[in-house]
There are 2 protein chains.
Amino acid sequence: MQKEIPYKIYLEESEMPKAWYNVRADMKNKPAPLLNPGTLQKMTLDELSGVFCRELAQQELDETTAYFDIPKEILDFYKMYRPSPLVRAYFLEKALGTPAHIYYKFEGNNTSGSHKLNSAIAQAYYAKKQGLKGVTTETGAGQWGTALSMACSYFNLDCQVYMVKVSYEQKPFRREVMRTYGAKVTPSPSMETEVGRRINAEFPGTNGSLGCAISEAVEAAVSQDGYRYVLGSVLSQVLLHQSVIGLETKAALDKYGIKADIIIGCAGGGSNLGGLMAPFAGEMLRGEADYRIIAVEPKSCPSLTRGKYAYDFCDTGKVCPLAKMYTLGSSFMPSPNHAGGLRYHGMSSVVSQLYDDGYIEATSVEQTEVFKAAQMFARIEGTLPAPESSHAIKVAIDEALKCKETGESKNIVFGLTGTGYFDMYAYAAYNDGKMGDYIPTDEDIQKSLSKLPKV
Amino acid sequence: MQKEIPYKIYLEESEMPKAWYNVRADMKNKPAPLLNPGTLQKMTLDELSGVFCRELAQQELDETTAYFDIPKEILDFYKMYRPSPLVRAYFLEKALGTPAHIYYKFEGNNTSGSHKLNSAIAQAYYAKKQGLKGVTTETGAGQWGTALSMACSYFNLDCQVYMVKVSYEQKPFRREVMRTYGAKVTPSPSMETEVGRRINAEFPGTNGSLGCAISEAVEAAVSQDGYRYVLGSVLSQVLLHQSVIGLETKAALDKYGIKADIIIGCAGGGSNLGGLMAPFAGEMLRGEADYRIIAVEPKSCPSLTRGKYAYDFCDTGKVCPLAKMYTLGSSFMPSPNHAGGLRYHGMSSVVSQLYDDGYIEATSVEQTEVFKAAQMFARIEGTLPAPESSHAIKVAIDEALKCKETGESKNIVFGLTGTGYFDMYAYAAYNDGKMGDYIPTDEDIQKSLSKLPKV
């Protein structure tokens, strides 16, 4: 007999995962290797270690080790804000009148407000262990920068964040959270790097872009002794760390004898979905179980649903390694969308390969539908969701309504990656009826895809 | 042998309190009764029921019932975001090098970001039960208004919030959260009430004040059919609902065989401290145990430490009942302080009486010291605290450092009432070194105390 399921399932500390799971170990078709952007040859450990910490570079390249022990220092930090609750959405089920059981893994209960902290603390730990002075990174909307600031503060590492200028000016709260944690936040393009000065000279008064901020952060890392560059999504190492989301989710479900039917995650670079689905995908890859895993992306930036599976640059500045991924082309300019975390032209190689092999489905949704679902969720389940997370909410509701039609009691699990506290301009636009939908034309996409590197 | 204490103690759903505790039932010296501002006679149930919902008015006047069953509808809502964690501050203890054990009850893990939701949902429930159309209230910084918006949205009640104009304009994020939950937010003074129009005519371009917003909210409640006014602090009914904080805290401590030595809470109107301390004060009142209970207030608004125990108006508009309380006088203008929730001239009658009877200590702290403690806490324990909550942090750290001197392993428990997400202007001022301390002179206080009503 199934135990009564509480509103929130919290694992005991003793039940928390002690190792991260590397889904690549169970993949028959491995993700294609990273390539050196200059030579187009496979990136070596030494090359990668010039940009990333050595142990992180090793994790990036390791396709065979299934489990990596989580170092004690990181486990301790995880205990500050993990385990995150797996919430049974009783209220939402009732409001929808669905026989489906809906669960969500809520990653927003930490000051950074999102799942990004799971990898930030790992990357800061390895930087500290290597004896580095600090790390550099870029941030757009600010979720990743905030998480990294917290992590660096904990390990007393210098943290230099290049923040896209328009966000720096329009999101002063995010900036101040980072400063409170001791990070140095520089609006990008700045006058502190060569590339920043060049861009400022070429485009006076520019608002900046993520591509430019990446280029500045990489330059800052390689030009200072004792610094490395860190990144919050896309990379396989990030998905490895984020597997803690899926492992906790699976442990909580197992504890109550629940078998998930559908796993839903929003997908920008792939860090959240990749982490949430990891142990479930692992079971599929090993032929032990079957699940529907659904990646949800915005219609404004549909890399899986309308992109091409090809080698591409990870950054618009073209300084990072090339990755094979579903991509819209590194020159693709996503139209305005308030889910800043999903405005990325490509998709993690791991997620891309699993999608290409048919283990993952993908769908795309319009912004206004997403905010409608977000507002409904906030009012019914209490928590104000991040616009990114709300993509998953929208599809979870759709699937639950399908169950209502068919009368099936499916178990639907989705990732609620973060809170919407710092996205109130977006909610204001929605509240005021001033939000639109922006869908790229086929020509837009073909134009940027035509500039893919020849590999 | 004591069980190993986890970082976060979560009660099981089955261990959650099923009843609120009314500390007045165990008080030998009851708080003085509320008086009708017109007649100066004891407020009757009928009089109170004209402004408040009837069941809430009953709770307000009941000094003998020790336990009130929490209605099932409220218990269900509590399960959405409660139990809140009791956190063992292992990292802070280590950083301080203290033998003390520090615990904090964290009430910020809900979208309203504070403990205010505990009473908001209760007040909304009784309004719905009474068949009302909606409720009106005022909000300054916005914590209470946000909580009430969420609660009203849950019960499908109309929610009209009069928000001090300067906050309405300077805190657009808070405003948008309320609107997302369906509340009607009106900048005060408005042109929608008689008192608002009068004040606008008298002081063109005024920024508004809490006193004015209260007056508008009360007028809106009594002039619309099916509406009542609700308030987020000070009242005994609010302390009753907030006892859930203390009851959970006590249950979590008991579960691990921990006896608290010191209980610390910030105190503005008294809702948080009153709730946190309730079961502990009850044990003291019944002679069953002894605790040090410390109320912490800002030096800029020191009602307990520098005020007078006397009857006073609860609002500057003088429309609400008179209460006997420690007060600085209803005309006292607190100097600028970023802990908006602590800028109240008086203190809950319950807290005031217990303080007067020696069950509670009080201390006051300077703003810059508070933010220093807040930043330290954020960096060490991860969570970015609200300025209000940080008053308790400051004193908890001081007490832990005293233990370091004496070598005592005291158990220190404090209330972390909320997060600082919506207080980043305050943190920015601190980060930029632009924060000052503002302490009223004896003359300032005497001036407002000289205007106390003659009762």
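Computed from a prediction, not measured in an experiment: that's the story for all the values here.

Peer 1: Teacher, can you tell me more about the packing of helix H15 (residues 367-381) of chain A against helix H17 (residues 424-431) of chain A here?
Peer 2: All names here are of chain A. Following both chains from N to C, one finds H15 and H17 inclined at 100°, their axes separated by 11 Å at the closest point. With respect to H17, the axis of H15 lies roughly perpendicular. Facing Thr368, Phe371, Lys372, Ala374 and Gln375 of H15, the residues of H17 in contact are Ala426, Tyr427, Tyr430 and Asn431. Residues belonging to the contact of H15 with H17 are distributed by class as follows: five nonpolar, three polar and one charged.

Peer 1: How should the relation of the copies chain A and chain B be read in this particular structure?
Peer 2: One copy of the chain maps onto the second through a rotation around an axis plus a translation along that axis. Once turned by 180° and shifted 0.0 Å along the axis, chain A lies on chain B with an RMSD of 0.0 Å. As the rotation angle and translation indicate, the two copies are arranged about a two-fold axis. Using C-alpha coordinates, one finds that chain A approaches the rotation axis most closely at Asn109 of chain A, a distance of 3.1 Å. Comparing interface residues between copies, 98% of those in chain A also sit at the interface in chain B, which points to an isologous, same-surface contact.

Peer 1: What should I look at first to understand the packing of aromatic side chains in this one?
Peer 2: For any pair of aromatic rings, the description consists of the separation of the ring centres together with the inter-plane angle of the planes. Taken as a whole and judged by the stated rule, the model has 45 aromatic pairs over all chains. With a centroid separation of 5.1 Å and 70° between ring planes, the pair formed by Tyr125 of chain B and Tyr126 of chain B is classed as edge-to-face. Take Tyr125 of chain B and Tyr126 of chain B: they sit in the same class, and that class is buried. Ring centres of Tyr154 of chain B and Phe155 of chain B lie 5.0 Å apart, and the angle between their planes is 70°; on these two criteria the pair is classed as edge-to-face. Look at Phe155 of chain B and you get buried, because its relative accessible area is 11%. Each member of the aromatic cluster is reached from another via a ring pair, and the members are Tyr7, Tyr90 and Phe91 of chain A together with Phe77, Tyr78, Tyr81, Tyr125, Tyr126, Tyr154 and Phe155 of chain B. Its end group placed over the ring of Tyr168 of chain B, Arg175 of chain B keeps NZ or CZ at 4.7 Å from the ring centre.

Peer 1: Which parts of the structure should I look at to understand the pairing of strand S12 (residues 308-313) of chain B?
Peer 2: Residues in a regular strand project their side chains so that they alternate between the two faces of the sheet. All names here are of chain B. Extensive coverage of S12 is indicated by the burial of five of its six residues. In this structure, S12 lies alongside strand S13 (residues 322-327), joined through six bridges in antiparallel fashion. Bridging across to S13, Phe313 finds its partner in Leu322.

Peer 1: I'm lost on the side chain of Asn431 of chain B in this one. Help?
Peer 2: Along the chain, the position of Asn431 of chain B falls in helix H17 (residues 424-431). Within polar-contact distance, the side chain of Asn431 of chain B engages the side chain of Glu176 of chain A at 2.9 Å. Those residues within four positions of Asn431 of chain B in sequence are excluded, and the remaining contacts are Glu176, Arg179 and Thr180 of chain A together with Gln375 of chain B.

Peer 1: Help me out: how do you make sense of the pattern of salt bridges in this one?
Peer 2: Oppositely charged side chains can pair when the atoms bearing their charge come close. Residues and elements named next belong to chain A. The full count for this structure, using the stated rule, is 46 salt bridges over all chains. Of the charged contacts in the structure, one is a salt bridge between Arg306 and Asp442, with a shortest N-O distance of 2.7 Å. Of this pair, Arg306 sits in helix H13 (residues 303-306) while Asp442 sits in helix H18 (residues 442-449), and the two are 136 residues apart along the sequence. What you see here is one network of salt bridges that share partners, running through Arg82, Lys105, Glu107 and Glu248.

Peer 1: For this particular structure, what's the right way to read the domain arrangement of chain A?
Peer 2: Interface size is commonly expressed as the accessible surface area that is lost when the partners come together. Residues and elements named next belong to chain A. Along its sequence, chain A is organised into domain 1 (8-15 + 83-113 + 238-449) and domain 2 (19-69 + 116-229). Using only C-alpha atoms to locate each centre, domain 1 and domain 2 end up separated by 23 Å. With 40 residues of domain 1 at the interface, the matching set in domain 2 holds 44 residues. Sorting the residues of domain 1 by area buried against domain 2 places Leu240, His241 and Phe422 first, and these three jointly supply 21% of that buried surface. Counting across the interface, domain 1 meets domain 2 through two salt bridges. For Arg286, the salt bridge goes to Asp26, with nearest N and O atoms at 2.9 Å. Taken together, the connections running from domain 1 to domain 2 amount to 12 residue pairs in polar contact (both at pLDDT 80 or more). The set of elements that each furnish at least two residues to the side of domain 1 that touches domain 2 consists of helix H11 (236-255), helix H12 (271-285), strand S12 (308-313), strand S13 (322-327) and helix H14 (349-356). Among the elements that take part in the side of domain 1 that touches domain 2, H11 stands out by supplying eight residues, more than any other. For the side of domain 1 that touches domain 2, a count of residues per class yields 21 nonpolar, 12 polar and seven charged.

Peer 1: Before we go on, may I ask you to explain the interface of chain A and chain B in this structure?
Peer 2: On the side of chain B, 43 residues touch chain A, which itself brings 44 residues to the contact. If you sort the residues of chain A by the area they bury against chain B, Phe173, Thr180 and Tyr421 of chain A come out on top, with a joint share of 19%. A salt bridge links Asp432 of chain B to Arg179 of chain A; its shortest N-O distance comes to 2.8 Å. Put simply, the parts of the chain that give the side of chain A that touches chain B at least two residues each are helix H3 (72-81), helix H6 (143-155), helix H8 (172-180), H15 and H17 of chain A. Tallied by class, residues from the side of chain A that touches chain B come to 22 nonpolar, 11 polar and 11 charged.

Cut-offs used in this document
Just so you know, the residues in each chain are numbered from 1, in the order the chain's sequence is written. Chains carry letters and ligands carry numbers; both start at the beginning, A for chains and 1 for ligands, and go up in the order they are written. Totals for whole chains, interfaces and linings use every residue, but because this is a predicted model, local features are given only for residues with pLDDT of at least 70 and side-chain atom pairs only at 80 or more, for both listing and counting. Side-chain metrics in this entry use all non-hydrogen atoms of the structure; hydrogen atoms and water are not considered. A fitted line through C-alpha atoms represents every axis, and for helices the fit uses only the stretch in contact; the resulting angles, taken between N-to-C directions, go from 0 to 180 degrees. What counts as a helix is a DSSP run of H or I of at least four residues, what counts as a strand is a run of E of at least two, and both are numbered from the N terminus. Roughly parallel covers angles under 35 degrees, roughly antiparallel covers those over 145, roughly perpendicular covers 65 to 115, and oblique covers all other angles. Pairs of residues are marked as contacts when any of their non-hydrogen atoms sit within 4.5 Å. Residues are grouped as follows: Ala, Val, Leu, Ile, Met, Phe, Trp, Tyr, Cys and Pro are nonpolar; Asp, Glu, Lys and Arg are charged; every other residue, Gly included, is polar. Least-squares superposition of the copies uses the C-alpha atoms of those residues scoring a pLDDT of at least 70 in each of them. For Phe, Tyr and Trp, rings pair up if their centres lie within 6.5 Å, where Trp contributes its six-membered ring, and each pair is then called stacked (planes under 30 degrees apart), edge-to-face (over 60) or tilted (otherwise). Only protein chains enter the accessibility calculation, which uses a 1.4 Å probe; a residue whose area is less than 20% of its type maximum is buried, one above 50% is exposed, and one in between is partly exposed. Here, a charge over a ring means that NZ of Lys or CZ of Arg falls within 6 Å of the ring centre while also lying within 35 degrees of the ring normal. If DSSP finds at least two bridges between two strands, the strands pair. Here a polar contact is taken to be a pair of N or O atoms separated by no more than 3.5 Å, where protein atoms must pair a possible hydrogen donor with a possible acceptor and residues adjacent in sequence count only if both atoms sit in side chains. Salt bridge, as used here: a side-chain nitrogen of Lys or Arg that lies within 4 Å of a carboxyl oxygen of Asp or Glu. Note that the domain bounds were set by an automatic or database domain assignment. The term buried area refers to how much accessible surface (probe radius 1.4 Å) is lost by two components on association, counted for both of them together.

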